[in-house]
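Listed below, chain by chain, are the residues.
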Amino acid sequence: LGVFATVSRAIDNRVLPNMGYDTPDGLLFVGLTYLLITAAVFDSLFIGAEHKDCTWRNKLLAGYNKLQIYFAYLAVTTVANLLMHLAYVVAVLGTSAPLLNSFHTPTNVNVTFFFCSLATVVALNALMVTLSMLVQNRAVVAVACLLLGYLLGGIIVNRYGYTTGFLSCSAIYMASAL
């Protein structure tokens, strides 16, 4: 997906020159939007399979409590979702180097934004794992997780005025300049 997004940006730059499509700014972290969909599906299917196969009952009988099971699911799904996000970022960085110009935003802003995106992945994953553990139906959980993510995204857009669905690099740059 990162390669596709970068190639699309390069094609847009050739079709519409001088429109600001010549840099990977903004493209680097738009993958969080797509990660929301894949994380909702992955978490609900992974934990839903445990519900379906009655593995929970076996874990409880083996002496584990629900909190231990929750943290085990949280650790596994967080690592998987972070790896998916890192794969997207690496794909964008790898393909944007030969196809696009360099970043306009300073490096410290991109690094700060990168760590904020990792924290966002962990926070959204915790909410999705909690929902997946509370509801046994995988389809209902997937839809609920998607709605939760879009609801939180809508709150961010309405509260802070970001129209792109993620924190803009210019807003972080202005905040760091203050």
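For the structure, check the block above.
Bear in mind the structure is a predicted one, so any value in this text is a computation, not a measurement.

Draft legend 1. Structural context of the side chain of Thr 95. With respect to the helices and strands, Thr 95 occurs in helix H4 (residues 66-99). We classify Thr 95 as buried; its relative accessible area is 17%. Of note is the side chain of Thr 95, whose polar atom sits 2.7 Å from the backbone oxygen of Ala 91. Beyond its immediate stretch of four places on either side in the chain, Thr 95 contacts Gly 2, Val 3 and Thr 6.

Draft legend 2. Spatial organisation of the nonpolar core. Grouped together as the largest cluster of nonpolar side chains are ten residues: Ala 5, Ala 10, Leu 27, Leu 28, Phe 29, Tyr 88, Val 89, Val 92, Leu 100 and Phe 113. Residue assignment for this core shows that the elements contributing at least two residues are helix H1 (2-15) and H4. Per-element accounting of this core gives the leading share, three residues, to H4. Core analysis: the second largest hydrophobic core is formed by eight residues, Ile 47, Tyr 70, Tyr 73 and Met 133 among them.

Draft legend 3. Structural view of the environment of His 85. Considering the arrangement of structural elements, one finds His 85 in helix H4. Between the C-alpha atoms of His 85 and Leu 32, which are 53 residues apart in sequence, the distance is 7.3 Å.

Draft legend 4. Seen up close, the packing of aromatic side chains. Counted according to the given criterion, the structure contains four aromatic pairs. Between Phe 42 and Phe 46, the ring centres sit 5.8 Å apart and the planes meet at 10 degrees, which makes this aromatic pair stacked. One end of the pair is Phe 42 and the other is Phe 46, both in helix H2 (residues 31-52) and four residues apart, which spans about a single turn. Residue classification places Phe 42 among the partly exposed positions, given a relative accessible area of 28%. A relative accessible area of 28% places Phe 46 in the partly exposed class. Measuring from ring centre to ring centre gives 6.1 Å for Phe 46 and Tyr 73, while their planes differ by 85 degrees; the resulting arrangement is edge-to-face. One end of the pair, Phe 46, is in helix H2; the other, Tyr 73, is in helix H4, with 27 residues separating them in the sequence. Relative accessible area serves as the criterion here: at 3%, Tyr 73 is assigned to the buried category.

About the cut-offs
- Residues numbered from 1 in each chain as written.
- Predicted model: local features only at pLDDT ≥ 70, side-chain atom pairs only at ≥ 80, totals over all residues.
- Heavy atoms only, no water.
- Helix = DSSP H or I, 4+ residues; strand = E, 2+ residues; numbered from the N terminus.
- Buried < 20%, exposed > 50% of the residue type's maximum accessible area, 1.4 Å probe, protein only.
- Polar contact = N/O pair within 3.5 Å; in protein donor to acceptor, adjacent residues only side chain to side chain.
- Contact = heavy atoms within 4.5 Å.
- Core = buried A, V, L, I, M, F, W, Y, C linked by side-chain atoms within 4.5 Å.
- Phe/Tyr/Trp six-rings, centres within 6.5 Å; stacked < 30°, edge-to-face > 60°.

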